[in-house]
Amino acid sequence: MDLPELPENISKFNIHSLSLAGPIAEVHCLSTMDSLEKADVEVYRLDNEASDDVNRESGATVTISNLLQRICNVKSLRLAVDRPGTLIRMPPNPVLGFHKLVELELKIQTKYHDWQGTWVFQFLHYVPNLQTLHLDLVIPERGLKPLPEEVPSCLLFQLKEIQIRYFDGNEDMLEMISYFLEHASCLDTFIIRILAFNHGEELSLVRKLLRLPRNSKKCRVSTF
């Protein structure tokens, strides 16, 4: 479904919840909405759009950054993108900060495996008060870059629940899970959905996960 026609003075309305989906080139129509508390945003590139290099020149990555700035007051955000390049190339911006955000779901389900994954942790630097994180990711064929040395503050002091969909034994995803467990000092629950071909493989993955060291002594790792 394409983006709806939104009035130019939408920021004057007392809007608490927003749900939209559409091409990345159209999201610039939004104005800043100070009263917004919950947002469900899905942005994608049209099939006839040019290559990533041309998109960078045409300002596509600036557009997604502008969109995020306009909804930065939300407490709950679901953000889905079809190609991770729309986020991974987003330049660091000190203005961009979700200081009220406590619930975040990031989703990437795509055939494009051209990303390297660490943008997830870059994005977490913008959400210092985050308490709940759900990740639905496709691990790239080229794997992940080395995970960052600078740990996001929300992971150190705020995060209480993390959910991963899906884990099939991929070593890069295991490294990401281990990173979360190693640094999350306030974590209560880590929920992981396992994809396995048989019961024996599932049991092996569960044992591997349970052996990972945890910073939070009260953290309970659950699988399903």
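About the cut-offs
Residues numbered from 1 in each chain as written. Predicted model: local features only at pLDDT ≥ 70, side-chain atom pairs only at ≥ 80, totals over all residues. Heavy atoms only, no water. Helix = DSSP H or I, 4+ residues; strand = E, 2+ residues; numbered from the N terminus. 1 Å grid on protein atoms, 1.4 Å probe; cavity = no way out; pocket = protein on both sides within 12 Å on 5 of 7 lines; lining within 4 Å. Points joined across faces, edges and corners; volume = space filled by probe spheres on them. Salt bridge = Lys/Arg side-chain N within 4 Å of Asp/Glu carboxyl O. Buried < 20%, exposed > 50% of the residue type's maximum accessible area, 1.4 Å probe, protein only. Core = buried A, V, L, I, M, F, W, Y, C linked by side-chain atoms within 4.5 Å. Contact = heavy atoms within 4.5 Å. pLDDT = per-residue confidence, 0-100. Expected span 1.5 Å × (residues − 1). Arc of directions from axis to C-beta. Polar contact = N/O pair within 3.5 Å; in protein donor to acceptor, adjacent residues only side chain to side chain.

- In the annotation of an unreviewed UniProt entry, the protein chain is listed under the name FBD domain-containing protein and assigned to Hibiscus sabdariffa.

1. Some remarks on the environment of Leu205
Okay, step 1: Considering the arrangement of structural elements, one finds Leu205 in helix α7 (residues 199-210).
Okay, step 2: For Leu205 and Ile194, which are 11 residues apart along the polypeptide, the C-alpha to C-alpha distance reads 7.8 Å.

2. What to know about empty space enclosed by the protein
Okay, step 1: For the coordinates displayed, the defined rule picks out one cavity of 30 Å³ or more.
Okay, step 2: Quantified by volume, the largest cavity comes out at close to 30 Å³.
Okay, step 3: Residue lining of the largest cavity: Glu105, His134, Leu135, Asp136, Gln163 and Arg165, and that is the complete set.
Okay, step 4: Put simply, the parts of the chain that give the lining of the largest cavity at least two residues each are β5 (132-136) and β6 (161-167).
Okay, step 5: Among the elements that line the lining of the largest cavity, the one with the most residues is β5, at three residues.

3. Observations concerning the pattern of salt bridges
Okay, step 1: Taken as a whole, this structure holds four salt bridges when the rule is applied.
Okay, step 2: Glu105 serves as the salt-bridge partner of Arg78, at 3.9 Å between the closest nitrogen and oxygen. One end of the pair, Arg78, is in strand β3 (residues 76-81); the other, Glu105, is in strand β4 (residues 103-108), and 27 residues separate them in sequence.
Okay, step 3: Judged by relative accessible area, which is 22%, Arg78 ranks as partly exposed.

4. Remarks on the nonpolar core
Okay, step 1: In this structure, Ile71, Phe98, Phe123, Ile177, Phe180 and Phe190 are the most contacted members of the largest nonpolar core, which totals 58 residues.
Okay, step 2: Here the element with the most residues in this core is helix α6 (residues 171-183); it accounts for seven residues.
Okay, step 3: Not counting the four nearest positions on each side in its chain, Phe98 is found in contact with Leu68, Ile71, Cys72, Val74, Leu77, Phe123, Tyr126, Val127 and Pro128.

5. Re the environment of His16
Okay, step 1: Turning to its location among the elements, His16 is positioned in the segment before β1 (17-23).
Okay, step 2: Along the primary structure His16 and Ser35 are separated by 19 residues, whereas in three dimensions their C-alpha atoms are 5.7 Å apart.
Okay, step 3: Not counting chain neighbours up to four residues away, the residues in contact with His16 comprise Ser35, Leu36, Glu37 and Lys38.

6. Here's the deal with the confidence of the model for the protein chain
Okay, step 1: Per-residue confidence for the protein chain averages 77 on the pLDDT scale, and 66% of its residues sit at or above 70.
Okay, step 2: The least confident element of the protein chain, judged by mean pLDDT, is helix α1 (residues 52-58) at 41; the most confident is strand β7 (residues 189-194) at 97.
Okay, step 3: Note that residues 1-13 has pLDDT below 50 and, in this model, 22 contacts with residues that lie over four places away or in other chains.
Okay, step 4: Segment residues 48-62: pLDDT under 50, and 15 contacts once partners within four positions in sequence are set aside and those in other chains are kept.

7. A closer look at α7
Okay, step 1: Given a rise of 1.5 Å per residue, 12 residues ought to cover 16 Å, and the 16 Å separating the end C-alpha atoms of α7 matches this to within 8%.
Okay, step 2: Burial in α7 covers these residues: Leu205, Val206 and Leu209. Taken end-on, α7 shows its buried residues confined to a sector of 100°, consistent with a single buried face.
Okay, step 3: Residues of α7 that are buried sit in contact with β6, α6, β7 and β8 (220-223).
Okay, step 4: Capping the start of α7, Asn198 holds a side-chain oxygen 3.1 Å from the backbone nitrogen of Gly200, two or three residues further along.

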